[in-house]
Amino acid sequence: QVQLVESGGGLVQAGGSLRLSCAVSGRTFSNYVMGWFRQATGKEREFVAAISWGGGSTMYADSVKGRFTISRDNAKNTVYLQMNSLKPEDTAVYYCAVSLKRIIANEAAYDYWGQGTQVTVSS
C-alpha cells in the first residue's frame, strides 16, 4: 500500500506564495515520477508539473511556467511545489501523484494519488 499526503495549502492573497509538500510512505519504489495536478470547482483535473526520479527532468503546464517550481528530496520521499506570484485562477484542490512510468502530463499514467490540499487565492 502506498500513501501520499499533501500539506501546505491555505489561503493567500494574489501575488503571494505557498509551498506544497507531498510525502510518500508505505511501499516504496525506485525511479518513480512525481507529479502535481489540480482541480478547480466545476472543472476537470489538470496537470500542473512533474519531475523525474533524479530531478533532472521537469515538465510544467503553460499556465504555471515561470511561477511554479517542482522539486523533490528522495531521501525524504517528498516532492515539493513552490508556487509564486499566485493568481485567483490558481485556486483549486492540488493533488500529488506517483507514476511508475515515464514523466508525462497524462493523469492516466499516474498510479497513486493523494487526497489533495486546498489552495485559495484571493483577489
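Everything below is about the structure printed above this text.
Because the structure is predicted, anything quoted here is derived from the model rather than measured.

Asks: Looking at this structure, I do not really get the overall build of the protein. What am I missing?
Replies: Along the protein, the regular secondary structure elements total zero helices and 11 strands. Overall, the protein shows an N-to-C arrangement of helices and strands of β-β-β-β-β-β-β-β-β-β-β. Whereas a compact globule of 123 residues would reach a radius of gyration of roughly 14 Å, the protein reaches 13 Å, a difference of no more than 12%. In terms of its C-alpha atoms, the protein occupies a principal-axis envelope of roughly 40 × 25 × 25 Å. Counting only contacts in the protein whose residues sit at least 6 apart along the sequence, the fraction spanning at least 24 positions is 57%. Summed over its atoms, the accessible surface of the protein is roughly 6200 Å², and 45% of this surface lies on carbon and sulfur atoms.

Asks: Can you help me understand the side chain of arginine 72 in this one?
Replies: Within the element layout of this structure, arginine 72 appears in strand β7 (residues 68-73). There is no salt bridge for the buried arginine 72, and the closest opposite charge comes from aspartate 73, which lies 8.3 Å off by N-O distance. There is a polar contact of 2.8 Å between the side chain of arginine 72 and the backbone oxygen of tyrosine 32. Within the local environment of arginine 72, its side chain forms a polar contact with the side chain of asparagine 74, the two groups lying 2.7 Å apart. In contact with arginine 72, not counting residues within four places along its chain, are Tyr32, Val33, Met34, Ile51, Ser52, Trp53, Thr78, Val79 and Tyr80.

Asks: Before we go on, may I ask you to explain the packing of aromatic side chains in this structure?
Replies: Remark: the centre distance and the inter-plane angle together describe each pair of aromatic rings, the angle taken between the planes. Summed over all chains, the structure comprises five aromatic pairs. Between phenylalanine 37 and phenylalanine 47, the ring centres sit 5.6 Å apart and the planes meet at 75°, which makes this aromatic pair edge-to-face. Note that phenylalanine 37 is positioned in strand β4 (residues 33-39) and phenylalanine 47 in strand β5 (residues 46-51), a separation of 10 residues in sequence. For phenylalanine 37, a relative accessible area of 1% puts it in the buried group. Since its relative accessible area comes to 12%, phenylalanine 47 is described here as buried. Seen from the ring of tyrosine 95, arginine 45 lies directly overhead, with NZ or CZ sitting 5.1 Å from the centre. Against the face of tryptophan 113 rests arginine 45, its NZ or CZ located 3.8 Å from the ring centre.

Asks: I tried to follow the nonpolar core on my own but got confused; where do I start?
Replies: Counting 37 residues, the largest nonpolar core has Met34, Trp36, Leu81, Met83, Tyr94 and Tyr110 as the members making the most contacts within it. Broken down by secondary-structure element, the contributors of at least two residues to this core are β1 (2-7), β3 (18-26), β4, β5, β7, β8 (78-83), β9 (92-99) and β11 (117-122).

Asks: Honestly, the state of the cysteines in this entry has me stumped. Any pointers?
Replies: Each disulfide consists of one covalent bond between the sulfur atoms belonging to two cysteines. Counted according to the given criterion, the structure contains one disulfide. Paired by a disulfide, cysteine 22 and cysteine 96 hold their sulfur atoms 1.9 Å apart. Measuring handedness by torsion sign, the sulfur bridge of cysteine 22 and cysteine 96 sits at about 50° and is right-handed. Remark: cysteine 96 occurs in strand β9 and cysteine 22 occurs in strand β3; sequence separation between them is 74 residues. Of the residues examined, cysteine 22 reaches a relative accessible area of 0% and is grouped as buried.

Thresholds applied
Residues numbered from 1 in each chain as written. Predicted model: local features only at pLDDT ≥ 70, side-chain atom pairs only at ≥ 80, totals over all residues. Heavy atoms only, no water. Helix = DSSP H or I, 4+ residues; strand = E, 2+ residues; numbered from the N terminus. Rg over C-alpha atoms; globule rule 2.2 N^0.38 Å. Contact = heavy atoms within 4.5 Å. Areas by Shrake-Rupley, 256 points an atom, 1.4 Å probe, with all protein chains shown as cover. Buried < 20%, exposed > 50% of the residue type's maximum accessible area, 1.4 Å probe, protein only. Lys, Arg positive; Asp, Glu negative; His and termini not counted. Salt bridge = Lys/Arg side-chain N within 4 Å of Asp/Glu carboxyl O. Polar contact = N/O pair within 3.5 Å; in protein donor to acceptor, adjacent residues only side chain to side chain. Phe/Tyr/Trp six-rings, centres within 6.5 Å; stacked < 30°, edge-to-face > 60°. Lys NZ or Arg CZ within 6 Å of the ring centre and 35° of its normal. Core = buried A, V, L, I, M, F, W, Y, C linked by side-chain atoms within 4.5 Å. Disulfide = S-S within 2.5 Å.

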